[in-house]
Amino acid sequence: KAKVFGASDFVNPKDHSKPISQVLSEMTDGGVDFSLECVGNVGVMRSALESCVKGWGVSVIVGLNDMEDISARPLMLIAGRTWKGSTFGGFKAKDGVAKMVEAYMDKKLKVDEFITHNMTLDQVNDAIELMKHGKCIRTVLNVSPK
């Protein structure tokens, strides 16, 4: 599904004996321009930052974890890497929503492609199980009366 949104390469950390940040740095001659952490694991968040190229690499935290603190060496950030959050996609609510809707209507912003399942409200537990097991990106629940 990530290819639909522009991802070019996929690497499974389990296929390597060294840290994935080192593997990515070697593959890309210094690190990736952008990394995304999507599972809410603080170790992966740090690894995603470490995978970024010095000077301009940007690591975006998508996954939620409010139980643990993130840690990183200050040198990672001093060297020019950036850690960003993803709430609301970086849009400012005041004017960003209208721009986002316009981009969607002009087919410049992909939203429908995130929806992998449509279910009824009485299937909410099934939807949660899909999410827990990484079998969906976004499930839409229909709450309309039958």
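The name that an unreviewed UniProt entry assigns to the protein chain is Alcohol dehydrogenase 1-like, with the source organism given as Notothenia coriiceps. As its UniProt record puts it under Cofactor (unreviewed entry), the protein chain is described as follows: "Zn(2+)".

Draft legend 1. Structural view of the pairing of strand β2 (residues 58–61). Residues Val58 and Val60 point to one face of β2 and Ser59 and Ile61 to the other, with burial holding for every one of them. Inspection of the sheet shows strand β1 (residues 34–37) paired to β2 by 4 bridges, in the parallel sense. Each bridged residue has a counterpart across the sheet, and for leucine 36 the counterpart in β2 is valine 60. Assessed by its sense of winding, the connection that carries the chain from β1 through helix α2 (residues 42–50) to β2 is right-handed. Pairing geometry for β2 and strand β3 (residues 82–85), over 4 bridges, is parallel. Bridging across to β3, valine 60 finds its partner in lysine 84.

Draft legend 2. The arrangement of the UniProt feature "domain: Alcohol dehydrogenase-like C-terminal" (unreviewed entry) in the protein chain in detail. The sites that UniProt annotates as "domain: Alcohol dehydrogenase-like C-terminal" (unreviewed entry) are residues 2–94. The annotated region residues 2–94 carries 26% helix and 13% strand content, and the separation between its end C-alpha atoms amounts to 29 Å.

Draft legend 3. Highlighting the domain arrangement of the protein chain. As far as domains go, the protein chain holds domain 1 (2–88) and domain 2 (109–145). Centre-to-centre separation of domain 1 and domain 2, based on C-alpha positions: 27 Å.

Draft legend 4. The nonpolar core, seen in detail. Ile20, Val23, Leu24, Val32 and Cys52 together form the largest nonpolar core, which totals 5 residues. Once residues lying within four places of it in the same chain are set aside, the contact partners of valine 23 are Val11, His16 and Lys18.

Draft legend 5. Here's a closer look at the pattern of salt bridges. Counted according to the given criterion, the structure contains 4 salt bridges. Put simply, lysine 99 and aspartate 95 hold a salt bridge, and the shortest N to O gap is 3.5 Å. With lysine 99 and aspartate 95 both in helix α4 (residues 93–105) and 4 residues apart, this pair spans about one turn of that helix.

Definitions and cut-offs
- Per chain, residues are indexed from 1 in the order of the written sequence.
- Per-residue local features of the predicted model are confined to residues with pLDDT of at least 70, and side-chain atom pairs are confined, for both listing and counting, to 80 or more; whole-chain, interface and lining totals are unaffected and use all residues.
- Excluded from the side-chain calculation are hydrogens and water; included are all heavy atoms of the structure.
- UniProt positions are given in the numbering used here, feature names are shortened, and annotations may be inferred rather than shown by experiment.
- Each residue is assigned to one of three classes by its accessible area relative to the maximum for its type, calculated with a 1.4 Å probe on protein chains only: buried under 20%, partly exposed between the two thresholds, exposed over 50%.
- Put simply, DSSP marks the helices as runs of H or I at least four residues long and the strands as runs of E at least two long, and each gets a number from the N terminus on.
- Any two strands with at least two DSSP-identified bridges between them are counted as paired.
- By convention, orient the strands away from the viewer: a clockwise path from the first strand over the helix to the second makes the crossover right-handed.
- Just so you know, the domain bounds were taken from an automatic or database domain assignment.
- To qualify as a nonpolar core, a set must consist of buried Ala, Val, Leu, Ile, Met, Phe, Trp, Tyr and Cys residues joined through side-chain atoms within 4.5 Å.
- It only takes one pair of heavy atoms within 4.5 Å for two residues to be counted as in contact.
- Counted as salt bridges are all cases of a side-chain nitrogen of Lys or Arg within 4 Å of a carboxyl oxygen of Asp or Glu.

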